[in-house]
Amino acid sequence: MALKESLDKFKKQQEMCQTTLSSIKANSKPTPRVTPYNPANAKSAAPAVKFSSDTERLQHINSIRKAPVGAQIKRVINLLLETRQAFTAEQINEACYVDVNANKAVFDSLRNNLKVYYDGKRFSYKSKYDVKDKSQLLKLIRKFAEGIAVIDLKDAYPSVMDDLQALKAAGEIWLLSNFDSQEDIAYPNDPRVPIRVDDDLKQLFRGIELPRDMIDIEKDLQKNEMKPATNTAKRRGQAQVHGISNKPKQKKKHEISKRTKLTNSHLPELFKNLS
């Protein structure tokens, strides 16, 4: 009997101890772990700022639209020249980021540009001469007996320079350079009209010596009832007033000017120094 009472008392003590421990655990808070401060750790822990992947592209577009009107016009003309296609204002904006509709100065300048054709809806490149292939190019050159500047043909269509060389190789045209500006001039050459010149006439032509002073040449022209294209005496007088040297330049024999007619093509020795 005494043993049983002792066991019951022990169980009660255990239950009381268990209740006390549970109460202490429920009311207590865990002690926070203290970590020494490290600035490097604090910086790395800060969230990184992420920019949009389009930021660079948007900055590029903004720089284009804030550029001078001339720079924007050049950008559009380069697009039209390289593609040889017609673009609406919206398509231009998509292709090269120039907002034609939003900038009146750009729109007006583009519409009135000599290198741009505008049909009221689309913009396209406009060359000086409307030729599209080699046959049209040859027909055009044959209309200019006094020659046509190659620089005016360069943007007619993409392969125009190759076609000029092909026409030259075929003997259809002459490509000669101006002595002063080194500018190429295209002249028509019609092999269907061969001209034979007697040797005595060739010798007579070669024996003619022109005066070395332009004033003398102008006087000879006037004697033959021809009006000179220049007025050397007047030009030299103005040069003296402005203190410019008026020493006459020595004229080269058989010099070919920018618009010289190739009526002497039967005398190939005249062109031996030309490329």
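All values reported here derive from a predicted model rather than from experimental measurement. (Residues numbered from 1 in each chain as written. Predicted model: local features only at pLDDT ≥ 70, side-chain atom pairs only at ≥ 80, totals over all residues. Heavy atoms only, no water.)

Q: Account for the environment of Ala 149, naming residues and giving values.
A: Relative to the helices and strands, Ala 149 is located in strand β3 (residues 148–149). Accessibility expressed as a relative area gives 3% for Ala 149, which makes it buried. Considered as a pair, Ala 149 and Tyr 187 are 38 residues apart in the sequence and their alpha carbons are 9.1 Å apart. (Helix = DSSP H or I, 4+ residues; strand = E, 2+ residues; numbered from the N terminus. Buried < 20%, exposed > 50% of the residue type's maximum accessible area, 1.4 Å probe, protein only.)

Q: Any details on the pairing of strand β5 (residues 184–188)? Residues and values, ideally.
A: Summarising the sheet, β3 and β5 pair through two bridges and their orientation is antiparallel. Bridge pairing in β5 places Ile 148 opposite Ala 186. Here strand β4 (residues 173–177) pairs with β5 via five bridges, running antiparallel. Paired with Ser 177 across the strands is Asp 184, a residue of β5. (Pairing = 2+ DSSP bridges.)

Q: Go over the pattern of salt bridges with me, naming the residues and quoting the values.
A: Scanning all chains against the criterion turns up eight salt bridges. Put simply, Asp 108 and Arg 111 hold a salt bridge, and the shortest N to O gap is 3.4 Å. Remark: Arg 111 and Asp 108 occur in helix α6 (residues 104–111); sequence separation between them is three residues, near one turn of the helix. Among the charged side chains, a network of salt bridges with common partners joins Lys 104, Asp 108 and Arg 111. (Salt bridge = Lys/Arg side-chain N within 4 Å of Asp/Glu carboxyl O.)

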